[in-house]
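Letter by letter, the chains look like this.
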Amino acid sequence: MAGRTRRVRILVLLFFAIVVYVLYNRNITPVDDYREYFKDKGVGGGSVIRPKPEEGNTEPTSQSGPAPVQLESPTPIADQEATTSSTSTALPTTESSSQQVVAKPTPAPAVVPDSPHDGEDEFPHELGEGRVEVPVMASPTTSVAHWSKMPEIHPLSSTIQLPSGTPIAMPRVQRAVKKLADNGADAERLAVVKGLMQNVWDGYREHAWAMDEIRPVSGRYINPFNGWGATLVDSLDTLWIAGMKKEFEEAVEAVAEIDFTTSVRSDIPIFETTIRYLGGLIAAYDVSGREHIILLHKAVELAEVMFGIFDTPNRMPQTYYRWKPSYASQPHRASTRVVLAEIGTLSLEFTRLAQLTKEPKYYDAVARITDAFDEWQNSTRIPGMWPTSFDASGCGKAPQTLNPSGTLTKLSQSDPQPVPNGEGTYMDAAAPVSAGKVDHDPNAPSLDGSQKSLEGEKLGELGSSKRKRDVDLESMRDALTAKVAMPAGDDTAVKGVSKERNLRSPLATPPQRSTMDNCVHQGFRSTSKGSQETFTLSGASDSMYEYLPKQYALLGGLVDQYRTMYLASAEASIERLLYKPMTKDERDILMTGELKITPNYSQPIDVREYIEIFKPEAAHLACFAGGMFAMGGALFNKPEHIEIGSKLTDGCVWAYNVTATGVMPEGAELMQCEDTWGDCPWNETAYWRALDPYADTRGQLPISVASQTDEDDDDDGDDDMVGPQVSSTLNKQAAADAATKASGSKVVKRQLGEEYEAPTRPRPRYFEMAPAPQPAPPASIYTPEPAPTHEEYVRKKIEEERLPPGYTRIGGRKYILRPEAIESAFYMYRITGDQYWRDAGWNMFTSIDRHTRTVHGNSAIDDVTKSAPTLLDQMESFWTAETLKYFYLLFDEPEKWSLDEWVFNTEAHLFRRPTYEFTDA
C-alpha cells in the first residue's frame, strides 16, 4: 500500500513538472497586456517604456530575410520634376544584394505564432503605447503569422486626387541669403559632431545591428517598435547627409531584408511607425537621389500593411492597428478617444509617397483627415485649436436595445424591455413614473460598447470582463433566455399581478452582433460634453500643428486650406498659450503653457460655463514651437511670428543654461509674469510666495480640547468632586441636571408637546467617592517643533529640489536625448543667419555630450539638476535621426539641404519640395 502511494505521488509530481515545462516554453507575447493609454506621456519622440524582465543579449545569427512583398498592382513612380500625367510607370523589380554585411550578419527579429482568434483583440477604445519592449528569440518559430491584404469593407466611391498645376510663388524661408553665404560652414564644430555620429553608429553596428535600439551602456539591445530595426531605418538619411556613404550602403542592404508583413508585436503603433519607418524610407530614397529603388519598394510594402487603418465607415484611421488577419478582416471604427498628434501626423509621409508613386489613395486618406479637422476647428472650446484627445469614430448613437426580432433599435419608453436572466423574454413595461427631472447623458454606454470601457466591471451573465470593442450580443443570449418568475411562496405579490411576470415569448433566433450601420454620422467631437479638455503645443498635440505649414510647402501652395488652418491655430495659441517667464536677468523670452478647460458642474447643464486652469509649464517637447513659428512666419510673410519664434527658442536656450548640467529637463513649471508682452522685473517676494503658497497657515496649530476653559460651566461645586477622567461634557451635563432639580421646572417634550416632571437622576457613586484632586507633578508633555519660517522653508525647498531661479517645480528631471531645442535653433539660424543660434547650439551640444556619452553611444540621464547624473542605458532612435542631424546641419554649409528645397517631418526626415518661384518678400 505504501509503495503504491509513493508511485502515485511520483506520477503526480512528474505530471505537474511536464505542465510547468510546457507552459514555460510556450511562445506567447507579453505585449497584449494593455494599460490605460492616458498617462503623463509625450507622444512626440517616444513614450514611457513598459517595464519588463531584463532581456537577453542573444548573439545574432545569419538569416536570409523574406523576399519583398509583391503588390497586387505595381505601384508607379513619378519623377520629381516630371509634369503631371495620367500615365504611370511600374516600380522596377530589384534583387537585393547577396553580399553579407561585413563582420555583422543581419539578425532576423523573432515573431510569434498567430492564434485563430484572440479575445484580447477586442477593445472599445484603442489603448496602446508607442514603445512596447518585446523579447527577441534566437530563431523564428515555424508557425508565423503574416499580414495579408483584405478586401475593403468600406470601399470609396471616389478618390481625392493630388493637386496638379504649377506651384505658386512663395517667400524664401532662408531669408538671410548673404549672411548665410558669408558664414559658410563651421568646419571645426562640424567635424566634432560627425565624429560623435560615427561613434554612435559603430556601437549600434557592433552590438545591436538591425534591432530597434541599442542599450549604450551595457551594449545590449531592445525592440520597442515592432523589431523592424528602428535605428537602422531612422538613421538612413542622417548617414547620407553626414557623408557616411559606406555605412549608408551597408544599411540599405540590411533594410532590404526587413519583412514588414510580420511583427513581434500584435499591434502597430501608427504614429511612431509612420514618422520613423515610413518617413525614414521615403527620405532616404529622396536624399540619395532616388537611386536605391529598394527603399521605395519597402516604403510601399509598409504603407500597404498600414493602409487597412483607413478602412472604417468615416475613413478615419485606427491609431493602433491589430494587423493579424483574424482581427484585421473584421469591421472596425476609429476610436472614441484618439490622441491629436497621432491622428494628425500622417499627412507629410503619405502625401510624399503619393507624389513618388502617383498613387492617389495615399493622399486621399490624409486629405479626408484634414477636412475633418478643418470642419471642427472653429467649434472647439478654443476656436482655432483642438484638444489633445477627442472622438474620431464618426458615430453619434442613441441608446439602443434588443427588440424581439433580435435586432438593435432605438430605445423608447414603449419598447419592450429585455428581462435580465429571462431566457430571451421581454417585459410589457408601462411608461415609467417620473421621479423628477433627470438629465440624460448622451455619452452613456450603448450596447455596442462604443462609449465606455467595460474593464473592471462585473458583467455577471453578460460575459467576460475584458475590454471589448463591441459588446458580444451572442454572449448575452444566455442572459436574455433565462425565465424570470416571482419567487415561490412570495406573499408580497400585488393584487392583479400573477406571480409569473407578463413576458413575451423567447426569441426564435439568436440575436445578431451589432453592425456599424446604426450610427448617426458626425464629424470630430469632444469625447464628452462634460469632460475636461487640454489644449497645448506640447506632447500629444505638437506635430499636428507643425504639419500644417509643412504640408502647404510640400504641396507647392496649391491647397490653401493648410495655410488658413495654420494661421488660425497660430493666432489662437499666441493668445491663449504663450506666456513670459520671470527670470533674474529679466530676459525677454517666451514659453508655451498648458490650458485645461473644465465645465462648471455647480451650474445647471443648460447654462453651464467653463473653468479655465492655465499651467505655466516648460516642456522640452514644446521647444519645437519656436522653429514652427519662425518657419510659418517666413513662409506666410508674418515677420511678427518670426520674432515670436525667436523668443520661444531663446526661452529654451535659457532653460538649458540655468541647470547644473546645462541641459533642459523633460518638464517643469516656471514663475509666470503678469504681462506677457511688457516688462517683467525680477520679484523675489512674488517668487518666494509661489514656492511657498501656504506660508500664512503652515505654522498654525489646531486648538487643543485640553486647552479649553470651563468658563461657561455652572460651578455648583460638583466639578471639584469629579475625577480627572471625567470630560468637560460630563461636567456640563451634571451641572444642568442639578439646576433642573433645584428649580423644579417642568420640561416640555418636543416630540409630543407634553409636560412631565423631570425625574431625579441618582448621583453616581464616584461623585461622592472620588478624592479631592491633588496637584499633578510636572509631566513631560510633547511639544512639536515650530514650523519653519517662510524664508527657511523656501531656502530648503530650493536646496533640496535643486530649483534654478525662476523654476517653481520640476516634474520631469530626465533628459532622453530629445531634439526639439536644437531643432528650433537650427530653424532660427537658417531663417535669420544670426551667429547667436550657432553658439547657443554648440553650448547645447557640449553639455549634452559631456553628460551622456558612453562607449557605445549616448545615454539618457536621470536628472539634469544633478552635477553627476546617472546614465539610464537608453538611446532612442531619434538621437541619430533628429538630434545629431540638426546639430550637423546647424554647422554645415547653409545652402546644403536648404529649407527652400526640403521640408522636414517631425522625425527630421527630409522630403523634397517642388520647385517654385520666390516672391520679393
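Residues numbered from 1 in each chain as written. Predicted model: local features only at pLDDT ≥ 70, side-chain atom pairs only at ≥ 80, totals over all residues. Heavy atoms only, no water.

**Student:** I would appreciate a short explanation of the packing of helix 11 (residues 347–357) against helix 12 (residues 360–376) in the present structure.
**Tutor:** The packing of two helices is summarised by the inter-axis angle and the distance between the axes. It is at 7 Å that the axes of helix 11 and helix 12 come closest, and there the two elements cross at 155 degrees. The angle between helix 11 and helix 12 falls in the class roughly antiparallel. Considering the relative orientation of helix 11 and helix 12, their crossing is left-handed. Within the contact between the two elements, helix 11 uses Ser-347, Phe-350, Thr-351, Leu-353, Ala-354 and Thr-357 and helix 12 uses Tyr-362, Tyr-363 and Val-366. When grouped by side-chain class, the residues that make up the contact of helix 11 with helix 12 number six nonpolar, three polar and no charged. (Axes fitted to C-alpha atoms, helices over the stretch in contact; angles between N-to-C directions. Helix = DSSP H or I, 4+ residues; strand = E, 2+ residues; numbered from the N terminus. Parallel < 35°, antiparallel > 145°, perpendicular 65-115°, else oblique. Left-handed = near helix turned anticlockwise from the far one by under 90°. Contact = heavy atoms within 4.5 Å. Nonpolar A, V, L, I, M, F, W, Y, C, P; charged D, E, K, R; others polar.)

**Student:** Please explain the state of the cysteines as it appears in this structure.
**Tutor:** Structurally, a disulfide amounts to a covalent bond that connects the sulfur atoms of two cysteines. Under the counting rule described, the total for this entry stands at three disulfides. The disulfide bridge from Cys-395 ends at Cys-519, spanning 1.9 Å between sulfur atoms. Since a negative S-S torsion denotes a left-handed disulfide, the Cys-395-Cys-519 link at about -75 degrees is left-handed. With Cys-395 in strand 7 (residues 395–396) and Cys-519 in the loop between helix 13 (477–480) and strand 12 (520–521), the pair connects residues that are 124 residues apart, well separated along the chain. The buried category is assigned to Cys-395, whose relative accessible area is 3%. By sequence-ordered numbering of the bonded cysteines, the protein has its disulfides arranged as 1-2, 3-4, 5-6. (Disulfide = S-S within 2.5 Å. Buried < 20%, exposed > 50% of the residue type's maximum accessible area, 1.4 Å probe, protein only.)

**Student:** I would appreciate a short explanation of the sheet that holds strand 13 (residues 533–536) in the present structure.
**Tutor:** The strands making up a sheet associate through backbone hydrogen bonding, with each pair oriented either parallel or antiparallel. The strand order across the open sheet formed by three strands is 13-16-17, and the pairing between neighbours is antiparallel. With one partner strand each, in any of the chains shown, strand 13 and strand 17 (610–615) form the two edges of the open sheet. Neighbour-to-neighbour, the strand axes of this sheet turn through a mean angle of 20 degrees, independent of strand direction. One ladder, built from four bridges, connects strand 13 with strand 16 (residues 594–599); its direction is antiparallel. Each residue of the ladder has a partner; that of Thr-536, found in strand 16, is Glu-594. (Pairing = 2+ DSSP bridges.)

**Student:** Explain the confidence of the model for the protein here, please?
**Tutor:** Residues shown with low pLDDT carry predicted positions that ought not to be read at fine detail. Residues with a pLDDT of 70 or more make up 65% of the protein, whose mean pLDDT is 77. Overall, residues 137–142 carries pLDDT values under 50, and its contacts beyond four positions in sequence, including any with other chains, amount to 10 contacts. (pLDDT = per-residue confidence, 0-100.)

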